Amino acid sequence: IFKCICGALIFISFFYICLHRVDPDFWWHLKVGEWILENHAVPTTDIYSFTMQGYPWVDLEWPVNIFFYILYSKNLAPLLAGIFALLAATPFLVWLARARSLFSIWAILLGASCISLFVGVRPQIISFLLFFVLFEILHKRFANSNSSALHPKPYSSLVFYSLPIFFLIWANLHAAFASGLFIFALWIALHHIFTWKEKRFNRKAIKIDILVFAGSV
């Protein structure tokens, strides 16, 4: 019951923040989303900046901008706030479900309090959730070097092999996908360095990992 109360408190707090805190870039996202729908194209040059107008620009957040505009134009701002509150709260809700001590629960609440400074209806929240998902996938793949990394379970292998699709989607939602790729590469490198030092190096495993990473890039 205490976990449920904490989870509800986190979600309600995030929802209140998303409903009342307007990100400075929000209106820009709305305008770009409107332009995309009106022109049936994704802008390739800066169309709204005063100082950089006409310069080459890639809108990596175009689906998000469309989503923002559609919901906001239909007076569904509360729904938009609820969706992003849920996106931000999901990692904390998962961690709460796994918590086995009161100290862990308080640590999770403290983390939620810290992240609340950045919560809002903004694409960064999508990347926050996707970083969590990425860590979950990599942890299941590499955490237990004696079993899951060298002899992964079929389900974890399937999810791991789907990472190229995962990064393709992420690349069209927010630019932080590049940081996700860096974390992916670093995780692979460190894991196989450690297994090599412990004389448990597996050539087949590293080939698979490199191929999946290359497909993600």
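Check the entry above for the structure.
*Asks:* Got a sec to walk through the packing of aromatic side chains? Specific residues and values, please.
*Replies:* By the definition in use, this model includes 21 aromatic pairs. With a centroid separation of 5.6 Å and 40 degrees between ring planes, the pair formed by Phe26 and Phe68 is classed as tilted. Placement of the pair is Phe26 in helix α2 (residues 26–39) and Phe68 in helix α3 (residues 62–73), with a sequence separation of 42 residues. Judged by its relative accessible area of 7%, Phe26 is buried. Taken together, a centroid distance of 5.9 Å and an interplanar angle of 90 degrees make the contact between Phe160 and Phe184 edge-to-face. Of this pair, Phe160 sits in helix α7 (residues 154–161) while Phe184 sits in helix α9 (residues 177–197); the two residues are 24 residues apart in sequence, bridging distant segments of the chain. One exposure class covers both Phe160 and Phe184, and it is buried. One aromatic cluster is present, built from ring pairs that chain together Phe131, Phe160, Tyr161, Phe166, Phe167, Trp170, Phe184 and Phe213.

*Asks:* Lay out the nonpolar core with the relevant residues and their values.
*Replies:* In this structure, Ile10, Phe14, Phe84 and Leu163 are the most contacted members of the largest nonpolar core, which totals 47 residues. When contributions to this core are tallied by element, the ones reaching two or more residues are α1 (2–20), α2, α3, α4 (77–98), α5 (102–115), α6 (123–142), α8 (163–171) and α9. Filtering out sequence-adjacent residues up to four positions away, Phe84 remains in contact with Cys18, Phe67, Phe68, Gly120, Val121, Arg122, Ile125 and Ile126.

Here is what the cut-offs are and how they apply
- Residues numbered from 1 in each chain as written.
- Predicted model: local features only at pLDDT ≥ 70, side-chain atom pairs only at ≥ 80, totals over all residues.
- Heavy atoms only, no water.
- Phe/Tyr/Trp six-rings, centres within 6.5 Å; stacked < 30°, edge-to-face > 60°.
- Helix = DSSP H or I, 4+ residues; strand = E, 2+ residues; numbered from the N terminus.
- Buried < 20%, exposed > 50% of the residue type's maximum accessible area, 1.4 Å probe, protein only.
- Core = buried A, V, L, I, M, F, W, Y, C linked by side-chain atoms within 4.5 Å.
- Contact = heavy atoms within 4.5 Å.

Coordinates in, geometry out; function isn't part of it.
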